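# Observations on the three-dimensional arrangement
What follows is the residue order along each chain.
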Amino acid sequence: LAVFSQNIVPLLTILSSNLELLRKQERTIILTQNMGEFQSLCTFHENDDILSIVIYNHCAQGSSNTTRKFYNIDKKNETVLTLEGMFEGSDYVNIISKNIISQMRERTKQNPEDVYWIDDDIYNFEHIKKDQGFYINSNNELVICFDKYEVAPGSSGLVEFKIPKSVTNQLMNN
């Protein structure tokens, strides 16, 4: 893989030594470990065109928190994939956001304890960020990711929504 930008150079170094192991074992690899904190590397999807990787940072000192950094690489063009780049010229922020809100309502309808911050007086999810975290899963589906507390109570942890191919295909055809 070529160097795409300076912030991806450390990732490429990690990948060169760990990607084959991830492919064989299909599991998480611990990258670093310090007192109460560790980083782990997972690959969610790889094919001839795309490599989607997530690096988790877990911290547990009194309470716990997990954050993620997403790397989605177009292997053929040797570029970093972004939502904006994938859906250029479309209203992807609003279209994906409407789909996520619909999924939130459906999840809450199926399980009233599954609470999201929509239609709330204090917190109210309205739309994804232009640079929202995401990865491509093994079914080639876009998965939009939110950190703890971003769209739901902290007890929900990290929240993810699979965006149907019918939605992403429509955005790519615009």
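Let me begin by describing the structure that accompanies this report.

Criteria and cut-off values
Residues numbered from 1 in each chain as written. Predicted model: local features only at pLDDT ≥ 70, side-chain atom pairs only at ≥ 80, totals over all residues. Heavy atoms only, no water. Helix = DSSP H or I, 4+ residues; strand = E, 2+ residues; numbered from the N terminus. Contact = heavy atoms within 4.5 Å. Salt bridge = Lys/Arg side-chain N within 4 Å of Asp/Glu carboxyl O. Buried < 20%, exposed > 50% of the residue type's maximum accessible area, 1.4 Å probe, protein only. Pairing = 2+ DSSP bridges. Axes fitted to C-alpha atoms, helices over the stretch in contact; angles between N-to-C directions. Polar contact = N/O pair within 3.5 Å; in protein donor to acceptor, adjacent residues only side chain to side chain. Core = buried A, V, L, I, M, F, W, Y, C linked by side-chain atoms within 4.5 Å. Arc of directions from axis to C-beta.

## Observations concerning the overall build of the protein chain
Each helix and strand counted, the protein chain has 4 helices and 8 strands in total. Taking all contacts inside the protein chain whose residues are at least 6 apart in sequence as the whole, residues at least 24 apart take part in 48%.

## As for the pattern of salt bridges
In total, this model carries 5 salt bridges according to the counting rule given. Between Glu 46 and Lys 75 there is a salt bridge, with the nearest N and O atoms lying 2.9 Å from each other. Here Glu 46, found in strand 2 (residues 37–46), pairs with Lys 75, found in the loop between strand 4 (63–74) and strand 5 (79–80); they are 29 residues apart in sequence, far enough to count as distant. Classification of Lys 75 by relative accessible area gives partly exposed; the value is 23%. Between Glu 84 and Lys 130 there is a salt bridge; the shortest N-O distance is 3.4 Å. Taken together, the positions of Glu 84 in helix 2 (residues 83–86) and Lys 130 in the loop between helix 3 (92–110) and strand 6 (134–136) put the pair 46 residues apart, joining distant regions of the chain. We classify Lys 130 as exposed; its relative accessible area is 53%.

## Here's the deal with the sheet that holds strand 7 (residues 142–146)
Across the sheet, 3 strands lie side by side as 6-7-8; this open sheet has antiparallel pairing. In this open sheet, the two strands that pair with only one neighbour each are strand 6 and strand 8 (159–163). On average, each strand axis in the sheet is tilted by 25° relative to the strand beside it, whichever way the strands run. Bridging between strand 6 and strand 7 involves 3 bridges; their strand directions are antiparallel. Counterpart to Ile 136 in the pairing with strand 7 is Leu 142. Together, strand 7 and strand 8 form the strand contacts of helix 3, whose direction differs from that of strand 8 by roughly 115°.

## A word on the environment of Glu 160
Assignment of secondary structure puts Glu 160 in strand 8. Sequence-wise, Glu 160 and Asp 147 are 13 residues apart; in three dimensions their C-alpha atoms are separated by 8.9 Å. Filtering out sequence-adjacent residues up to four positions away, Glu 160 remains in contact with Arg 68, Arg 107, Tyr 135, Val 143, Ile 144 and Cys 145. A polar side-chain atom of Glu 160 sits 2.8 Å from a polar atom in the side chain of Arg 68. Among the polar contacts listed, one links the side chain of Glu 160 to the side chain of Tyr 135, at a separation of 2.9 Å.

## Details of the nonpolar core
Grouped together as the largest cluster of nonpolar side chains are 27 residues, with contacts concentrated most on Ile 96, Ile 100, Phe 125, Ile 128, Leu 142, Ile 144 and Phe 146. Take this core: its biggest share by element is 6 residues, from helix 3. When neighbours within four sequence positions are excluded, Phe 125 is seen to be in contact with Ser 97, Ile 100, Ile 101, Met 104, Trp 117, Ile 118, Phe 146 and Val 151. One finds Val 54, Tyr 56, Phe 70 and Tyr 135 within the second-largest nonpolar core, a separate group that totals 6 residues.

## Description of helix 4 (residues 165–172)
Looking only at helix 4, the buried set comprises Val 167, Thr 168 and Leu 171. The arc enclosing the buried residues of helix 4, seen along the axis, measures out at 90°, which places them on a common side. The elements touched by buried residues of helix 4 are helix 3, strand 7 and strand 8.

By themselves, these observations are geometric and do not establish any function.
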